[in-house]
Structures are given as C-alpha cells and as structure tokens.
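# Summary of the model geometry
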Amino acid sequence: AAAAAAAAAARVDAAAADVESTETQVSAELLLRDVVAFLHARPEGRAPSGLVVDAFQDRVGPTQHALFRRLLKVAATLEKNPPNAAGRGGGAAWVLKDEFR
C-alpha cells in the first residue's frame, strides 16, 4: 500500500508539473484524495462520468479542467459502456483503480 501511495504521489506531481505553484500542487493532491474518496464511496468504486463532473464542478474552474482529467486518470480508468439492445445506456463510467481501493 505504501508503494502504491508513493507511486500515486509521483503521478500527482507529474500531473501538476506544468504548474509551478506549490499551492497548486497541494490543491492537486487534495483534489486527488477527494476524487479517490468519492469513487471509493460509490458501489464497486464506479461512477458515471457525468456524476463525477457534477460532483466536482464547483471545485474545478475552467483553467483546471486538464489537471482534473489527468488526476482522474491517475485514480481511475474510464470504461465505456455499450448501449443495450434497445439502444439505451452507453455512456462511460470512472472506475477506481485497484491501487486506490
């Protein structure tokens, strides 16, 4: 678990590397923790993409969208769901990676 946490921290640093501010790196780490906690609280660590966006829209400003997406990719995998036989459903869901469970 400690190795996974260290690897995750390195990926957070890499995701925030384009921003020089220490404050931004700290907020990226906090945001990653919140994303992990949000997904962890969901059944099977899975949440529809729209739900994740809605949950964090008040915290992620327009200039932070790219960073937020990179942090999501650190913590979770985007799985695209095929539509059912009636042509409904589909969409995509973020699924928490095993190292964060």
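Computed from a predicted structure; not experimentally measured. In this numbering scheme, every chain counts its residues from 1 along its sequence in written order. In keeping with the model being predicted, local features are shown solely for residues with a pLDDT of at least 70 and side-chain atom pairs are shown and tallied solely at 80 or more, while totals for entire chains, interfaces and linings include all residues. Processing note: side-chain calculations cover all non-hydrogen atoms of the structure and skip hydrogens and water entirely.

For the rest of this paragraph, the subject is the sheet that holds strand 1 (residues 46-48). Sheet strands pair by backbone hydrogen bonding; their relative direction is either parallel or antiparallel. The rule for pairing is simple: two strands pair if DSSP sees at least two bridges between them. A run of DSSP states H or I qualifies as a helix once it reaches four residues; a run of E qualifies as a strand once it reaches two. Both are numbered from the N-terminal end. Spatial ordering of the open sheet is given by 1-3-2, a layout of 3 strands whose pairing is antiparallel. A single partner strand is all that each edge strand has here, and the edge strands are strand 1 and strand 2 (76-80). Recorded for the sheet is a direction-independent mean angle of 25 degrees between the axes of neighbouring strands. With 3 bridges joining them, strand 1 and strand 3 (residues 92-96) adopt antiparallel strand pairing. Considered in strand 3, the bridge of A47 is made with W94. Between N-to-C directions, angles span 0 to 180 degrees; the directions come from axes that are lines fitted to C-alpha atoms, helices contributing only their stretch in contact.

A few words on the environment of S49. Within the secondary structure layout, S49 lies in helix 3 (residues 49-56). Remark: the alpha-carbon pair of S49 and E79, spanning 30 residues in sequence, is separated by 9.3 Å. When checking whether two residues touch, look at their non-hydrogen atoms; a contact exists if any pair is within 4.5 Å. Once residues within four sequence positions are removed from consideration, S49 is found in contact with A92, A93 and W94.

Both the distance between ring centres and the angle between the ring planes are used here to describe each pair of aromatic rings. Two rings from Phe, Tyr or Trp (for Trp, the six-membered ring) form a pair when their centres sit within 6.5 Å of each other. Planes less than 30 degrees apart are called stacked, planes more than 60 degrees apart edge-to-face, and all others tilted. Evaluated as defined, the whole model comprises 2 aromatic pairs. Clustering of aromatic rings is evident, with ring pairs tying together F38, F56 and F68.

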